[in-house]
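Given next are the chains, with one letter for each unit.
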Amino acid sequence: MSVRNEKLRNIAIIAHVDHGKTTLVDAMFRQGSILRDNQTLEDRVMDSMDLERERGITIAAKNCAVRWDDVRINIVDTPGHADFGGEVERALSMVDGAILLVDSSEGPLPQTRFVLKKALERGLRIIVVINKIDRKDARPAEVLDEVLDLFIDLDANEEQLEFPILYAIGRNGVAQKNLTDEGTDLKPLFDLVVQEIPAPAVDENAPFSMLVSDLGYSDYLGRLAIGRVQSGKVQVQDNLVRIDEKGDLKNTRITKLQVYDGLALADAEVASAGEIVIMAGLSDVFIGDTITNPTDPIALPRLRVDEPTVAMRFGPNTSPLAGKEGKWVQSARIKERLIKETFRNVAIQVEDSKEGDSFIVKGRGEFQLAILIETMRREGFELSAGRPEVILRMIDGKKMEPIEHVYIDCDEVFLGVVTEKMMMRKGRMINLINKGTGRARVEFDIPSRGLIGYSDDFMTDTKGTGLMNSLFSGYEEYRGDFPTRFNGSLVSDRAGNAVAYGLFHLEPRGRLMVVPGDVVYEGMVVGEYNKDNDLDVNPCKEKKLTNMRASGKDEQTICRPIKPMTLEEAIHFLAPDELVEVTPKSIRIRKVILSAQQRHSNKGKALKAE
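Here goes a summary of the coordinates provided. The shown structure was predicted, so the numbers you read here are calculated from the model rather than taken from an experiment.

Overview of the nonpolar core
Counting 39 residues, the largest nonpolar core has Leu92, Leu100, Leu116, Ile126, Val128, Val147 and Phe151 as its most contacted members. With residues up to four places along the chain from it excluded, the contact list for Leu92 reads Ala12, Val115, Lys118, Ala119, Arg122 and Leu124.

Section: the pairing of strand β6 (residues 125-131)
Looking down a regular strand, the side chains alternate between one sheet face and the other. When you tally the buried positions in β6, you get seven out of seven residues, the bulk of the element. Side chains Arg125, Ile127, Val129 and Asn131 project from β6 onto one buried face, and the interleaved Ile126, Val128 and Ile130 project onto a second face that is buried too. Looking at chain direction, strand β5 (residues 97-103) and β6 are connected through seven bridges and run parallel. For Ile99, the partnering residue across the bridge sits in β6 and is Ile127. Taken together, the three bridges between β6 and strand β7 (residues 165-169) define a ladder with parallel strand orientation. Among the inter-strand pairings, Val128 is bridged to a residue of β7, identified as Ile165.

Considering a nonpolar patch on the surface
Taken together, the side chains of Met423, Met429 and Leu432 make up a nonpolar region of the molecular surface, amounting to roughly 250 Å² of accessible area. By secondary structure assignment, the location of Leu432 is in strand β27 (residues 428-434).

A few points about helix α12 (residues 454-461)
Along α12, the residues that are buried comprise Tyr454, Phe458 and Asp461. Seen end-on, α12 carries its buried residues on one side only, within an arc spanning 70°. Among the structural elements, β26 (398-411), α10 (415-424), α11 (448-451) and β29 (467-477) are those in contact with the buried residues of α12. Remark: Lys463 follows α12 within two positions and exhibits a positive phi of approximately 55°.

Some words on α10
It helps to recall that an α-helix has 3.6 residues per turn; residues three or four apart then point in one direction. Taken together, the buried positions of α10 are Leu415, Val418, Thr419 and Met422. Down the axis of α10, the buried side of the element spans an arc of 95°, and every buried residue falls inside it. Those residues of α10 that are buried are in contact with β26, β27, β28 (439-447) and α12.

Some details on the environment of Pro447
Among the structural elements, Pro447 can be located in strand β28. Here the alpha-carbon distance between Pro447 and Tyr478, two residues 31 residues apart in the chain, equals 8.3 Å. Once you skip the residues sitting within four places of it in the chain, Pro447 turns out to touch Glu401, Pro402, Ile403, Arg425, Lys426 and Arg479.

Digging into unusual backbone geometry
The residue Asp396 is not glycine, and still its phi comes out positive at about 55°. Tracing the backbone through its elements, the reader meets Asp396 in the loop between β25 (393-395) and β26. The class for Asp396 is exposed, based on a relative accessible area of 76%. Phi is positive for Lys426, which is not a glycine, with a value near 70°. For Lys426, the location among the structural elements is in the loop between α10 and β27.

Points about the side chain of Ser213
Looking at the element boundaries, Ser213 is found in strand β10 (residues 209-218). Its relative accessible area of 1% is what places Ser213 among the buried residues.

A word on the side chain of Lys591
One can find Lys591 in strand β37 (residues 587-591). Among the residues examined, Lys591 registers a relative accessible area of 1% and is labelled buried. Looking at Lys591, its side chain comes within polar contact range of the side chain of Asp534, at 2.6 Å. Beyond its immediate stretch of four places on either side in the chain, Lys591 contacts Ser489, Val491, Gly523, Asp534, Asp577, Glu578 and Arg599.

A short note on the environment of Leu192
Relative to the helices and strands, Leu192 resides in helix α7 (residues 187-196). Using a relative accessible area of 11% as the deciding quantity, one classes Leu192 as buried. Separated by 28 residues in sequence, Leu192 and Pro164 have C-alpha atoms that sit 8.1 Å apart. Not counting residues within four places of it along the chain, the set of residues in contact with Leu192 comprises Ile127, Pro164, Leu166 and Ile197.

Some words on the pattern of salt bridges
Tallying each qualifying case throughout the model produces 40 salt bridges. The partner of Arg135 in a salt bridge is Asp137, and the shortest N-O contact between them spans 2.9 Å. A salt bridge links Arg425 to Asp457, with the shortest nitrogen-to-oxygen separation between them at 3.7 Å. Residue Arg425 is found in the loop between α10 and β27, and its partner Asp457 is found in helix α12; the two are separated by 32 residues along the sequence. Residue Asp457 is classed as partly exposed on the basis of its relative accessible area, which comes to 32%. Counted as one network, the salt bridges with shared partners bring together Asp103, Lys132, Arg135 and Asp137.

Parameters and conventions
- Residues numbered from 1 in each chain as written.
- Predicted model: local features only at pLDDT ≥ 70, side-chain atom pairs only at ≥ 80, totals over all residues.
- Heavy atoms only, no water.
- Core = buried A, V, L, I, M, F, W, Y, C linked by side-chain atoms within 4.5 Å.
- Buried < 20%, exposed > 50% of the residue type's maximum accessible area, 1.4 Å probe, protein only.
- Contact = heavy atoms within 4.5 Å.
- Helix = DSSP H or I, 4+ residues; strand = E, 2+ residues; numbered from the N terminus.
- Pairing = 2+ DSSP bridges.
- Patch = residues over 30% accessible without salt bridge, like charges linked within 9 Å, V, L, I, M, F, W, Y side chains within 5 Å.
- Areas by Shrake-Rupley, 256 points an atom, 1.4 Å probe, with all protein chains shown as cover.
- Salt bridge = Lys/Arg side-chain N within 4 Å of Asp/Glu carboxyl O.
- Arc of directions from axis to C-beta.
- Polar contact = N/O pair within 3.5 Å; in protein donor to acceptor, adjacent residues only side chain to side chain.

On their own, these measurements won't tell you what the molecule is for.
Rendered as structure tokens:
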């Protein structure tokens, strides 16, 4: 017979990017009893990765705990970006309820819909918090109606539709039941969590079982298995079995047991059903494995995540500058690191390519793969990566492609150019809302390949004021080809150092990507050509010196300043025959075939074959 552990609550926090989730968690830490009197807390404490702090987004799901009265509340932070949706399933597998955080102006956006759908499917109890009610453009009443419409659209049952509502200013650490109230702290939120989120059911007489939802690593303890105890209880030094993906049983022993206590981990001798625990002693454990009692081993349903939709080719850096800036350059090292990533991220898949020394990495979106590359370069890796390609399927003899549902919010004066660009990429408008405020909301469905490289154009077209979010909606029949890039590349025809004189005379040809003094090599892309074909150029050209002097002095050669290209911009720029070369210090674009003569020869053979 099971009873409920009223001293414990497990919750997830759901929000779209920049709706104030991390700030609200900061306030919960400050007001929950996790700090000593002499202890301080830095801002955005849950953004533990450097990339998360730099970009202001949550990339990896993380756990922590706060105490309210005598109840411990385990908080699971879920990513707000759709590309990291593989983290969502793992997070929701450990909780009994969720806080849905929605911006009082922007309302529910795609990632809100995505994660909420997963939460409702699991039957989780939802608390709706409308945040940032102090914004000048706040519209909490309308946003509440939009949230209700979203619940109905996602087929929520009657009990789920009766969700409790709070209004908050997360930055100030304030929550209130009504808009007219004067909130002073987060007590209404904590009380509501304790009242509304069901306590985990506990049956200590049942055999122990736990689903591994996350992995960690300790230099002292090795690989750590993180998950929620589903039934029974576990003690340190217990002999257990691990059930892997094939159903095979592996004997194991728990050498250390820990639980979350604030931001830190606390040692525990015993853990019972409902607890989120960290186990050490399981050397070959993977996400989705079941840890259970050897006397009655029953596998729990494995975590299932949506299939990846985008693939990129990763390989070693083979340029003339290879090995000069990175610590890890070998193909085997790169593969080892990619395989390690699949252990922690169930949404990433890695396959060997036909070439042998490169690998096909599949993920939810180009941004997820770009974050993986950026993480690897910060760890000291040198590698090359190709253009992102969508993963096509054959269903009933028809070629099918992934489709994205795109939500765009922009000034109405930019609506024409945005619609034109989306239509060129085989997008279809499905909804348009213009309430006369000067901004319009428009929805499209568009092939995933149509969004690759479009975000930079979108920000340019809307002069940086537009908001674009997308959500994977399924597979449809292939919509046909369309041009992905209208400009060619300026390609260096020799190795050397870029010279101001040579670059100055290349500026009329297009947009340059290198500055005087940069090292270049044959086949390296040094700029974007104004026309649609590639052009071999000499960026190392110097001014010829003679003993003939003109009256007056020579004019000074000054090149226009350039904006350094980010990794995402480089990936978006890539043509099918180009690679991005990534090192800890540099990001360069190059041709797959470096030799100009060989490229022209291959192009000629291709024309003859046609």
